[in-house]
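Residue strings, one per chain:
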Amino acid sequence: MTFEEQVAQFLQETDAWTEVRLQEVTNQNIPLPEDAIEQMLAVVESEITALIEKGFTVYEEKFTPKVLLDYHHLLVERELQKLGVDTRDNIHAYKENAQVALAVMEGKLKPENALLLMEINRAHRQKKKGNENGICEDCVC
């Protein structure tokens, strides 16, 4: 898949995720003004686009936008929080992998290693079943 195809696929996935997330908020009877949603989406798109460009500048074709997936989700959750939606749990769920994405952007971690680390983080979070203070069975934590 070319880099452009990866970007297009990433943007389609994030748009679909955002649509579902906004529907979840609507289903909770939390009113969000249409202009606030449009502004929120513009902020998120601007930041993600800038990071994709930076990633390509630093890593060229080795950069994969998927590295930014949880960072995107974190941005959306932060913007929703600014609109009065309680997103603490979701922010907490995405923050580790968002930090990994930032390490990639800073040149501290290669994209391919980041994807592996992110998958480990997701698996560990799933194993803990939302209990951040607990200790997993058969785990180093």
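Summary of the structure given here. Every value quoted in this text rests on a predicted model; they were computed, and no experiment measured them.

1. Some points on the packing of aromatic side chains
Taken as a whole and assessed by the stated rule, the structure comprises four aromatic pairs. For the pair Phe3 and Phe56, a centre-to-centre distance of 4.7 Å together with 35° between the ring planes defines the contact as tilted. In this pair, Phe3 sits in helix H1 (residues 3–27) while Phe56 sits in helix H2 (residues 34–59), placing the two residues 53 residues apart along the sequence. A residue is classified by how much of its surface remains accessible, and Phe3, at 7% relative accessible area, is buried. Centroid distance Tyr59 to Phe63: 6.4 Å. Interplanar angle 15°. Geometry classified as stacked. Tyr59 sits in the buried class, given a relative accessible area of 15%. Among the aromatic residues, ring-to-ring pairing joins Phe3, Phe56, Tyr59 and Phe63 into one connected group.

2. A word on helix H3 (residues 69–82)
The end-to-end C-alpha distance of H3, which contains 14 residues, comes to 20 Å, matching closely the 20 Å that a straight helix rising 1.5 Å per residue would cover. When we look at burial in H3, the residues that qualify are Asp70, Tyr71, His72, His73, Leu74, Leu75, Val76, Glu77, Glu79 and Leu80. Buried residues along H3 sit in contact with H1, H2, helix H4 (88–105) and helix H5 (111–128).

3. Brief notes about the nonpolar core
Counting 32 residues, the largest nonpolar core has Ile48, Phe63, Leu68 and Leu80 as its most contacted members. For this core, the secondary structure elements donating two or more residues are H1, H2, H3, H4 and H5. Once you skip the residues sitting within four places of it in the chain, Ile48 turns out to touch Phe10, Leu68, Tyr71, His72 and Leu75.

About the criteria used
Residues numbered from 1 in each chain as written. Predicted model: local features only at pLDDT ≥ 70, side-chain atom pairs only at ≥ 80, totals over all residues. Heavy atoms only, no water. Phe/Tyr/Trp six-rings, centres within 6.5 Å; stacked < 30°, edge-to-face > 60°. Helix = DSSP H or I, 4+ residues; strand = E, 2+ residues; numbered from the N terminus. Buried < 20%, exposed > 50% of the residue type's maximum accessible area, 1.4 Å probe, protein only. Expected span 1.5 Å × (residues − 1). Contact = heavy atoms within 4.5 Å. Core = buried A, V, L, I, M, F, W, Y, C linked by side-chain atoms within 4.5 Å.

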